[in-house]
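# An overview of the molecular structure
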Amino acid sequence: MISYKDSGVDINEGNALVEGLKPLVKSTFDENVIGGIGSFAGAYALPQGYKNPVILGATDGVGTKLRLAISSKRLDSVGIDLVAMCVNDLICNFATPLFFLDYYASGKLQKAQALEVISGIAQGCKIAKCALIGGESAEMPGMYAKDDFDLAGFAVGIAEREDVEKQAVLAGDVLIALRSSGLHSNGYSLARKVLFEHLQMSFEQVFEGKPLIDTLLSPTCIYVPLFREIYASALRDCLHGLAHITGGGIVENLPRILPQTLGAKIYKSHIKTPSIFGLLGEYVEESEMYRTFNMGVGMILAVDRTKVDEILQLALSFDGYVIGEVCEQEGIHFI
């Protein structure tokens, strides 16, 4: 007789993974998590104190950065990337992240590999102060090569409806940049082509004093702690908008928070660009660089110009600095 295991799916390995995950997942729980692990769905009680709450959701993956992590067998940080890409989107709609779910699909489920990845997810959830209340691991031989896997993440947050619906960004608002840790989770197909196909570099080749792979796998910054701090302070109403700088760069992401009649001036000389972008920029047109990469800017805040210094003080942990201002001329203008 032919068993499920003969087809390439090991149920026992999946069950062992669930047992190994329980302490990791439980470490992210807060007082609003209802029940434990093993039910058909995760349950989460809505926090108190909201006048007209709305629920927001965001989903994302980490793109071909995952290819580098798998090939280098460095899996400890891609889970942080996964959480970051989702929760950073939520706060751009003034939503506080509540909980997270993950999807892990592989050709051959390997417990140790999966635990390493999901440990990173749990770490990301702790940074963002959201609970990891559920997930799914799928073993799909024939869909993925033996050592390959893919990730998807799903984050849910809560906000006041008036905050979600308002258009607060005004002409004259100052734009504050928060540093990125590097490429974050965007543009890796282009980066891989330049670095490993064109330049024939290796993972362990020294770049800026450390192996290149260390730079490329630096985990995406999670900006939720700063958002929480600002939103819990008297500066709450002075934060008019947030733009997560992901695929498309500044030129495509910043306009998403601007009213149709407004634009932005970006002080190009102010941008603090890590060296990895300089290396890539030797082989890629500048316009393509700014449309593909974050160029060192992970998030842009639009703030009341009278409160810039106070918000910069709060943003010290992300090296916040003024990068431009909102103007009455439509479009993004680098000056």
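Residues numbered from 1 in each chain as written. Predicted model: local features only at pLDDT ≥ 70, side-chain atom pairs only at ≥ 80, totals over all residues. Heavy atoms only, no water.

### Focus on the nonpolar core
Counting residues in each nonpolar core, the largest one holds 103 residues, and the members touching the most others are F100, L195, L254, I276 and L301. By residue number, the principal contributor to this core is helix α3 (residues 78–91), which donates nine residues. Here this core spans two domains, since at least three of its residues come from each of domain 1 (4–165) and domain 2 (173–334). (Core = buried A, V, L, I, M, F, W, Y, C linked by side-chain atoms within 4.5 Å. Buried < 20%, exposed > 50% of the residue type's maximum accessible area, 1.4 Å probe, protein only. Helix = DSSP H or I, 4+ residues; strand = E, 2+ residues; numbered from the N terminus. Domains from an automatic or database assignment.)

### Focus on the sheet that holds strand β10 (residues 239–244)
Strand order in the open sheet formed by six strands is β10-β12-β7-β13-β11-β14, with mixed pairing between adjacent strands. One side of each edge strand has no neighbouring strand; the edge strands of this open sheet are β10 and β14 (331–334). In this sheet, neighbouring strand axes are inclined to one another by 25° on average, regardless of whether the strands run parallel or antiparallel. Here strand β11 (residues 263–266) runs beside β14; their pairing, made up of four bridges, is parallel. Bridged to A264 within β14 is I332. The strands touched by helix α8 (residues 224–231) are β7 (174–179), β10 and β12 (297–303); relative to β10, the strand with the most contacts, the crossing angle is about 170°. (Pairing = 2+ DSSP bridges. Axes fitted to C-alpha atoms, helices over the stretch in contact; angles between N-to-C directions. Contact = heavy atoms within 4.5 Å.)

### Description of the environment of V308
Positionally, V308 belongs in helix α12 (residues 308–314). For V308 and E229, which are 79 residues apart along the polypeptide, the C-alpha to C-alpha distance reads 15 Å. In contact with V308, not counting residues within four places along its chain, are V174, I176, V303 and V322.

### Description of the domain arrangement of the chain
The domain boundaries assigned to the chain delineate domain 1 (4–165) and domain 2 (173–334). Measuring from the centre of the C-alpha atoms in domain 1 to the corresponding centre in domain 2 gives 25 Å. The junction of domain 1 with domain 2 conceals about 2600 Å² of combined surface from both sides, 67% of it contributed by carbon and sulfur atoms. For the pair domain 1 and domain 2, the interface holds two salt bridges. Residues D163 and R236 are paired through a salt bridge, measuring 2.9 Å at the closest nitrogen-oxygen approach. Broken down by secondary-structure element, the contributors of at least two residues to the side of domain 1 that touches domain 2 are α2 (65–72), α3, β4 (96–106) and α4 (111–128). The dominant element in the side of domain 1 that touches domain 2, judged by the number of residues it contributes, is α3, at nine residues. The residue inventory of the side of domain 1 that touches domain 2, partitioned by class, reads 15 nonpolar, seven polar and eight charged. (Buried area = accessible area lost by both parts, 1.4 Å probe. Salt bridge = Lys/Arg side-chain N within 4 Å of Asp/Glu carboxyl O. Nonpolar A, V, L, I, M, F, W, Y, C, P; charged D, E, K, R; others polar.)

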